[in-house]
Amino acid sequence: MEAPHRPIAVREFAVPDLPPCAALLRTSFSEVCGTDVHLWHGRLSGVPYPIIPGHVSAGVLDRVRGDIEGVDGSALKEGDRVVFFDVHRTCGRCRACTVHRTPTRCSARRVYGITDSATEGLFGGWSEFVYLEPGVGIARLPDTISFESYIGGGCGLLTAVHILERAALRPGDTVLVQGTGAVGLSAIALARLGGASTIFAIGAPQERLDLAKRMGADVTFDLDATTVPERLELLRARTHGEGAAVVIEAAGSARAIEEGVALVRDGGRYVIAGHYTDVGPSTLNAHRDINRKHLEIRGCWGSEVGHFLRAISLLERHAARVPWHEIGGRRYGLQSLNEALEDAAAMRITKALVDPWGRGT
Ligand SMILES: [Zn+2]
Ligand SMILES: [Zn+2]
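What counts, and where the lines are drawn
Residues numbered from 1 in each chain as written. Chains lettered and ligands numbered in written order. Predicted model: local features only at pLDDT ≥ 70, side-chain atom pairs only at ≥ 80, totals over all residues. Heavy atoms only, no water. Axes fitted to C-alpha atoms, helices over the stretch in contact; angles between N-to-C directions. Helix = DSSP H or I, 4+ residues; strand = E, 2+ residues; numbered from the N terminus. Parallel < 35°, antiparallel > 145°, perpendicular 65-115°, else oblique. Left-handed = near helix turned anticlockwise from the far one by under 90°. Contact = heavy atoms within 4.5 Å. Nonpolar A, V, L, I, M, F, W, Y, C, P; charged D, E, K, R; others polar. Donors = N, O, S within 2.8 Å, 3.2 Å for Na, K, Ca; no water. Tetrahedral: all angles 85-135°; square planar, octahedral: opposite > 155°, others 65-115°. Buried < 20%, exposed > 50% of the residue type's maximum accessible area, 1.4 Å probe, protein only. Lys, Arg positive; Asp, Glu negative; His and termini not counted. Salt bridge = Lys/Arg side-chain N within 4 Å of Asp/Glu carboxyl O. Right-handed = clockwise from strand over helix to strand, strands pointing away. Pairing = 2+ DSSP bridges. Phe/Tyr/Trp six-rings, centres within 6.5 Å; stacked < 30°, edge-to-face > 60°. Lys NZ or Arg CZ within 6 Å of the ring centre and 35° of its normal.

Enquirer: What's the story with the packing of helix H6 (residues 228-237) against helix H7 (residues 254-263) in this structure? I'm lost.
Expert: Angle between the axes and distance between the axes: these two values describe a pair of packed helices. It is the contact of H6 with H7, at a shortest axis distance of 10 Å, that shows an interaxial angle of 25 degrees. As summarised for this structure, H6 and H7 are arranged roughly parallel, according to the angle between their axes. Judged by the sense of rotation from one axis to the other, the crossing of H6 with H7 is right-handed. Residues Val228, Arg231, Leu232, Leu235 and Arg236 of H6 form the contact with H7, whose own contacting residues are Glu259, Ala262 and Leu263. Here the contact of H6 with H7 is composed, by residue class, of 5 nonpolar, no polar and 3 charged.

As structure tokens, this is what we get:
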């Protein structure tokens, strides 16, 4: 991706020389997610174009230099099926890392496929090989987890693990998820596994609402076929007139925030995770929406290596029954990435699988 709004170009890179403790991943799959569409539309600041997009990827270790360990401490070797945590170079020494314990706000942090420039090498998954520099968090992918399930969950699942942590869900809580993209769908699945009672989801189009049900939602509201007052009334009718104990915003629209504060019950929690880009201000009435309501609003930015490991554990235990693999719809080869971005931008697919060695489906 040479610059925003430009067609994706296919380029050849030299095979990198590996320093000690580095590895080369032969990419099996990467993804095209909402972030890639934002990158393509130039909506993220500080991106060092040209970049090789594809921040969450999976594959097989092609070459390893020296002894390297996975994040669980076990030795990794060539031929292992692995995944890696896309966030790297988190410093562990700054105030964000140590004093505030918010490593996702560390200013040294970099992300494969997003804040790593292609001028530095193979730092993205839309590529036949990915360079895993020393210090990157690598984990062996259990044999029971297919690449399709891992990428189907992908970044959305890691984000959802963080969201559920922020939501501090209690057994029996009602939950409403705004948005049925990759983040919202995984949040629904984790709320179900985490002991929610009734789970509501607002989204579109109908195929995604159907998938939301298979992920664990009980009641879905079609964003395009219902109005804001109708959804509030329908929710209250099923929650003792109160609204949901926990509302999770994974929609990314300023209007969703205005609706969300009304959907959460008095004394409830509202986790905002969908505003990855600046979509402008939302209008709230502090008295009515926050103060008198005794509302708790929590932001959620990025994910930590612990969320990456928890996501793998969740997939290992539950991917046979929770259809994460269905989130990744079509496969695209390197020659059809422009089409993949257009399909993702038009919401024809929730997430595209990038198959750098294949021609797509
Ligand atoms: Zn730091
Ligand atoms: Zn992503």
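Enquirer: Looking at this structure, I do not really get the coordination of the zinc ion (ligand 2). What am I missing?
Expert: Think of it this way: four donors in a tetrahedron around the metal ideally sit 109.5 degrees apart, and six in an octahedron ideally sit 90 or 180 degrees apart. Looking at the zinc ion (ligand 2), one finds its protein donor set to be Glu31 (OE), Cys33 (SG), His55 (NE2) and Cys155 (SG), positioned 2.0 to 2.6 Å from the metal centre. The coordination sphere of the zinc ion (ligand 2) comprises 4 donor atoms, whose angles at the metal cover 80 to 124 degrees; the geometry is irregular. Ordering the donors of the zinc ion (ligand 2) by residue number gives the pattern E-x1-C-x21-H-x99-C. Residue Glu31 is found in strand S1 (residues 23-32), and its partner His55 is found in the loop between helix H1 (34-40) and strand S2 (57-64); the two are separated by 24 residues along the sequence. Overall, the relative accessible area of 0% leaves Glu31 in the buried class. Exposure remark for His55: the relative accessible area of 5% places this residue in the buried category.

Enquirer: Hey, could you run me through the side chain of Arg265 in this one?
Expert: Here Arg265 shows up in strand S14 (residues 264-272). Although Arg265 is buried, it forms no salt bridge, and the closest oppositely charged side chain is Glu242 at an N-O distance of 4.5 Å. Sequence-distant contacts of Arg265, defined by excluding residues within four places in its chain, comprise Arg170, Asp173, Glu242, Gly243, Ala244, Ala245 and Lys293.

Enquirer: In this structure, what is going on with the coordination of the zinc ion (ligand 1)? I would like to understand it.
Expert: The coordination sphere of the zinc ion (ligand 1), as far as protein atoms go, consists of Cys91 (SG), Cys94 (SG), Cys97 (SG) and Cys106 (SG), spread over 2.3 Å. Ordering the donors of the zinc ion (ligand 1) by residue number gives the pattern C-x2-C-x2-C-x8-C. One end of the pair, Cys91, is in the loop between strand S6 (87-88) and helix H2 (95-98); the other, Cys106, is in the loop between H2 and strand S7 (110-111), with 15 residues separating them in the sequence.

Enquirer: Could you clarify how one ought to interpret unusual backbone geometry in this entry?
Expert: With the exception of glycine, the majority of residues adopt a negative phi angle, and the majority of peptide bonds are in the trans configuration. With an omega of 0 degrees, the peptide bond running from Tyr49 to Pro50 counts as cis. Tracing the chain through its elements places Pro50 in the loop between H1 and S2. Residue Ala204 is joined to Pro205 through a cis peptide bond whose omega torsion reads -10 degrees. With respect to the secondary-structure elements, Pro205 resides in the loop between strand S11 (199-203) and helix H5 (206-215). Look at Arg101: it is not a glycine, yet its phi comes out positive at around 55 degrees. As for its position among the elements, Arg101 is in the loop between H2 and S7. In this model, His294 sits at a positive phi of 55 degrees, which is unusual for a non-glycine residue. As for its position among the elements, His294 is in the loop between helix H8 (286-291) and strand S15 (296-299).

Enquirer: Any chance you could explain the packing of helix H4 (residues 182-193) against H5 here in plain terms?
Expert: Close contact between H4 and H5 brings their axes to 8 Å; oriented N to C, the two are set at 25 degrees. Relative to H5, the element H4 is oriented roughly parallel. You can see that H4 and H5 cross each other, and the crossing is right-handed. Contact residues: Leu185, Ile188, Ala189 and Arg192 in H4; Arg208, Leu211, Ala212 and Met215 in H5. Its residues placed into classes, the contact of H4 with H5 shows 6 nonpolar, no polar and 2 charged.

Enquirer: It is not clear to me how the pattern of salt bridges should be interpreted in this structure. Could you clarify?
Expert: Think of it this way: side chains of opposite charge can pair up when their charged atoms draw near. Applying the stated rule across the entire model yields 19 salt bridges. We note a salt bridge from Glu31 to Lys351, for which the minimum N-O separation is 2.8 Å. One end of the pair, Glu31, is in strand S1; the other, Lys351, is in strand S17 (residues 351-354), with 320 residues separating them in the sequence. The partner of Arg330 in a salt bridge is Asp343, with the nearest N and O atoms 3.4 Å apart. One end of the pair, Arg330, is in strand S16 (residues 328-332); the other, Asp343, is in helix H10 (residues 337-345), and 13 residues separate them in sequence.

Enquirer: Looking at this structure, how should I read the pairing of S11?
Expert: Look at any regular strand and the pattern is simple: side chains alternate between the two faces of the sheet. Of all 5 residues making up S11, 5 are buried, and the element is well covered by its neighbours. Of the two faces of S11, the one carrying Ile199, Ala201 and Gly203 and the one carrying Phe200 and Ile202 are both buried. Regarding the hand of the β-α-β motif, the stretch spanning strand S10 (residues 175-178), H4 and S11 is right-handed. Here 4 bridges tie S11 to strand S12 (residues 219-222), and the two strands are oriented parallel to one another. In the sheet register, Phe200 faces S12, and the bridge partner there is Val219.

Enquirer: Which parts of the structure should I look at to understand the packing of aromatic side chains?
Expert: Enumeration over the complete set of coordinates arrives at 7 aromatic pairs. Between Tyr276 and Trp301, the aromatic rings sit 5.2 Å apart at their centres with planes inclined by 25 degrees, giving stacked as the arrangement. Here Tyr276 is found in the loop between S14 and H8, whereas its partner Trp301 is found in the loop between S15 and helix H9 (305-318), with 25 residues between them in sequence. A relative accessible area of 30% means that Tyr276 is categorised as partly exposed. The class for Trp301 is partly exposed, based on a relative accessible area of 33%. Through a chain of ring-to-ring contacts, the aromatic side chains of Phe84, Tyr112, Phe123 and Tyr131 assemble into a single cluster. Above the ring of Phe147, the side-chain terminus of Arg81 is found at 4.5 Å from the ring centroid. The ring centre of Phe123 lies 5.9 Å from the NZ or CZ of Arg110, which sits over that ring.

Nothing here speaks to function; it is geometry throughout.
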